[in-house]
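Survey of secondary and tertiary structure
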Amino acid sequence: MQLKLTEGKVSSQLIWLTLPMVWGISVVILFNVVDAYFVGKLGTIQLAAMTFTFPVVMILTSIALGLGVGASSVVARAIGEGNIYGSRNLTTNSLLLSCGIVGVAVIIGLVTIDPLFTLLGADAETLPLIREYMTVWYWGIIFLVVPMVGNSLIRAAGDAISPSIIMTIAGLVNLVLDPIFIFGWGFIPKLELKGAAIATVIASGITFVASIYLLNNRLNLITWKIPKIAQAWICWQEILAIGIPATATYLINPICIGIVTSLIATYSQASIAGFGVASKIESLAVIALMALASSVGPFVGQNWGAKKYKRVRESLDISLMFCLVWGIIMAVIMFISAPTIVSWFDTNPEVIKIASMYLRLVSISYGAYGIIFVASAAFNALGKPAFSVFLIFTRTVVFYLPLVYLGNWLLGIKGIFLAACLSNLIVSVVAHRLLKSPSLKG
């Protein structure tokens, strides 16, 4: 509880928070990239089947992220105010809330596998593979949700290193277990997609144990007394006041991707596989931007709680400049190297063509994409989630989806990819104006 972010040089604090997060998020993303790499060795059909699972996995991940944002926001401000008792109650009740939501998600997920993925465009060839993967994945969802909320709480206390270490260990375990369970080894049979899901669940279980241990033993943020219903409800309301809008902002994107995925599926299996590979590579390219957004949350939250508004403003100015510089660097790399990078995952010429087209077009807007998410993270940390919802809703529903259908009609699949680029650029201007508004003056 001594990890304060309200003193010291702002740029140094942001670097100290962001660098471990770059590594930690890299590991999480590599977690998924490793899955895609090994599944790609099974064939294009298996890779296409895994791509169909992305929107659903992202939806449940979004719920976990939203809860984490809500919990992190209220806990960071409580720490900034010096309210130790309140921060412990909020932490404990956020974890209880997460467990309850997990139970509901498992039941709904298991009974909707076939109709949901059929709706997304899965055919008779890919649906059995999807069912194989998601049945295992759903049962292990508690190991995904609770650690994501837990790691957000650890970062809220100013500790960005421990979550990164936890994620690194989990990533290494997944790297080792993936080929063993997917292709078989010794007494373990070849399980293909089901094996990838088993490896993911085991690796996530490690993050579950580690995050609970750190919250309890190191940060003393968990109280083991059974809370009264009235007290728990008050905490849940405070968390959900931020968490529900935050979840909505995270949910909009995967729902949108689900729609786009079903549209791309009308072209060919190579197209859907190419889109899946490009999405994985893109997630690596924006690691630094996502890490920065994750760091902005606890930094802004603690300083806002301590009423140090000039530090909040300075941190946002530095963050926006970084987004622009990083976006330019990634756009140049993707323009030059996209085909080579894609070929590491799939050597199918059509897959390489589709994925490279996506990466070269959309990477132009990566800096803008970062600005949107930094702004969103800042407003959530400030307890102003309506601004965050507005930005993400405007990007996806107002601009992206209409442009996707217009682009598909005019230019085919290239138009779909161009829509993502244009929507990022347009809404980043809005995000920048909001961050410069009087709402951040305390």
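Refer to the structure printed above.
Attention here is on the structure that accompanies the text. Owing to the predicted nature of the structure, the values given are computational and were not obtained by experimental measurement. Position numbers for residues count from 1 along each chain, tracking the sequence in the order it is written. Residue-level local features of this predicted model are given only where pLDDT is at least 70; pairs of side-chain atoms are given and counted only at 80 or more, and the full residue set underlies all totals for whole chains, interfaces and linings. Hydrogens are left out, water is left out, and the side-chain values use all remaining heavy atoms of the structure.

1. Overview of the overall build of the chain
Within the chain one finds 16 helices and zero strands. The globule rule is 2.2 Å times the number of residues to the power 0.38, and the radius of gyration it is compared with is taken over C-alpha atoms. Relative to a compact globule of 442 residues, whose C-alpha radius of gyration would be 22 Å, the chain shows 21 Å and is just as compact. Over its C-alpha atoms, taken along the principal directions, the chain stretches across nearly 55 × 50 × 35 Å. Three exposure classes are used, based on accessible area relative to the maximum for each residue type with a 1.4 Å probe and protein chains only: buried under 20%, partly exposed in between, and exposed over 50%. In the chain, which comprises 442 residues, the share counted as buried stands at 58%. Here Asp and Glu are counted as negative and Lys and Arg as positive; His is not counted, and neither are the chain ends. Where a charge lies is defined by one atom per residue type: Lys uses NZ, Arg uses CZ, Asp uses CG and Glu uses CD. A gap of 13 Å separates the mean positions of the 26 positive and 16 negative side-chain charges of the chain. Strands are runs of DSSP state E lasting at least 2 residues, helices are runs of H or I lasting at least 4, and numbering of each runs from the N terminus.

2. Some remarks on the packing of helix 12 (residues 309-343) against helix 14 (residues 366-381)
One can describe the packing of helix 12 onto helix 14 by two numbers: an axis separation of 7 Å at closest approach and a directional angle of 155°. Accordingly, the angle class assigned to the pair helix 12 and helix 14 is roughly antiparallel. Seen from above, helix 12 lies across helix 14 with right-handed handedness. Along its contact with helix 12, which presents Leu316, Ser319, Leu320, Cys323, Leu324, Gly327 and Met330, the element helix 14 presents Tyr366, Gly367, Gly370, Ile371, Val374 and Ala378. Taken together, the residues of the contact of helix 12 with helix 14 break down into nine nonpolar, four polar and no charged. Fitted lines through C-alpha atoms give the axes, limited to the stretch in contact for helices. The angle between two N-to-C directions lies from 0 to 180 degrees. Working definition: roughly parallel below 35 degrees, roughly antiparallel above 145 degrees, roughly perpendicular at 65 to 115 degrees, and oblique for all remaining angles. Left-handed describes a crossing in which the near helix is turned anticlockwise from the far one by less than a right angle; the clockwise case is right-handed. By the convention used here, residues are in contact when the closest approach between their heavy atoms is within 4.5 Å. Classes in brief: Ala, Val, Leu, Ile, Met, Phe, Trp, Tyr, Cys and Pro nonpolar; Asp, Glu, Lys and Arg charged; the others, Gly included, polar.

3. Looking at the nonpolar core
Ranked by internal contacts, the top residues of the largest apolar core, which has 79 residues, are Val260, Ile264, Ile281, Leu359, Val374, Ile416 and Phe417. For the purposes of this section, nonpolar cores are sets of buried Ala, Val, Leu, Ile, Met, Phe, Trp, Tyr and Cys residues that join through side-chain atoms within 4.5 Å. One finds Leu60, Phe117, Ala122 and Leu127 within the second-largest nonpolar core, a separate group that totals 35 residues.

4. Regarding the pattern of salt bridges
By salt bridge we mean one thing: a side-chain nitrogen of Lys or Arg within 4 Å of a carboxyl oxygen of Asp or Glu. Following the criterion strictly, the structure yields two salt bridges and no others. Of the charged contacts, one joins arginine 131 and aspartate 114 as a salt bridge, the two residues approaching to 3.0 Å between their closest N and O atoms. Residue arginine 131 is found in helix 5 (residues 127-139), and its partner aspartate 114 is found in helix 4 (residues 113-119); the two are separated by 17 residues along the sequence. Its relative accessible area of 33% is what places arginine 131 among the partly exposed residues. The salt bridge involving lysine 190 is made with glutamate 192; its shortest N-O contact spans 3.7 Å.

5. A closer look at the state of the cysteines
Counting rule for disulfides: a pair of cysteine sulfur atoms within 2.5 Å. Applying the stated criterion to the full structure yields zero disulfides. Free of any disulfide, cysteine 235 has its nearest cysteine sulfur in cysteine 99, 15 Å distant. Free cysteine: cysteine 323, not disulfide-bonded; nearest cysteine sulfur from cysteine 421 at 16 Å.

6. Some remarks on a nonpolar patch on the surface
Only residues whose relative accessible area exceeds 30% and that form no salt bridge are eligible for patches; like-charged ones are grouped when within 9 Å, while nonpolar side chains (Val, Leu, Ile, Met, Phe, Trp, Tyr) are grouped when within 5 Å. With residues, only the protein chains shown are counted as cover, and all accessible areas are computed by Shrake-Rupley using a 1.4 Å probe. Together, Trp16, Ile161, Ile165, Ile169 and Ile206 make up a nonpolar patch on the protein surface, roughly 420 Å² of accessible area in all. For the nonpolar patch, the element with the most residues is helix 7 (residues 161-183), which contributes three residues.

7. Looking at the packing of helix 6 (residues 142-156) against helix 7
Axis separation between helix 6 and helix 7 bottoms out at 8 Å; the angle between their running directions is 150°. Relative to helix 7, the element helix 6 is oriented roughly antiparallel. For the pair helix 6 and helix 7, contact is made by Asn151, Ile154 and Arg155 and by Ser162, Pro163, Ile166 and Met167, respectively. A per-class count over the contact of helix 6 with helix 7 returns four nonpolar, two polar and one charged.

8. Describing the environment of isoleucine 206
Note that isoleucine 206 resides in helix 8 (residues 193-218). When its relative accessible area of 30% is taken as the criterion, isoleucine 206 is described as partly exposed. Taking the C-alpha atoms as reference points, isoleucine 206 and isoleucine 169, separated by 37 residues in sequence, lie 7.9 Å from one another. Ignoring sequence-local partners within four residues, the contact set of isoleucine 206 consists of Ile169 and Val173.

9. Considerations on the packing of aromatic side chains
The pairing test for Phe, Tyr and Trp rings, Trp by its six-membered ring, is centres within 6.5 Å, and the orientation test on the planes gives stacked under 30 degrees, edge-to-face over 60, and tilted for anything in between. Evaluated as defined, the whole model comprises eight aromatic pairs. Between the aromatic rings of tryptophan 137 and tyrosine 138, the centroid separation amounts to 5.9 Å while the plane-to-plane angle is 70°, which identifies the pairing as edge-to-face. Overall, tryptophan 137 belongs to the buried group, its relative accessible area being 7%. Relative to phenylalanine 387, the ring of phenylalanine 379 lies with its centre 4.7 Å away and its plane at 20°, an arrangement referred to as stacked. Classification of phenylalanine 379 by relative accessible area gives buried; the value is 0%. These aromatic residues form a ring-pair network of at least three members: Phe275, Tyr358 and Phe417. As a reminder, the over-ring test applies to NZ of lysine and CZ of arginine, requiring each to be within 6 Å of the ring centre and within 35 degrees of the ring normal. Sitting over the ring of phenylalanine 335, arginine 360 keeps its end group 5.7 Å from the ring centre. Seen from the ring of tyrosine 400, arginine 395 lies directly overhead, with NZ or CZ sitting 5.7 Å from the centre.

10. Considering helix 2 (residues 44-81)
A helix's residues, less one, multiplied by 1.5 Å, set its expected span. Taking 1.5 Å per residue, 38 residues should reach 56 Å; helix 2 reaches 53 Å between its end C-alpha atoms and fits that length. Two axes are fitted around each residue, one to the seven residues ending there and one to the seven starting there, and the angle between them is reported as the bend at that residue. Remark: the principal bend of helix 2, roughly 30°, maps to phenylalanine 54, with a proline, proline 55, within the next four residues. Counting buried positions over the 38 residues of helix 2 gives 30, a clear majority of the element.

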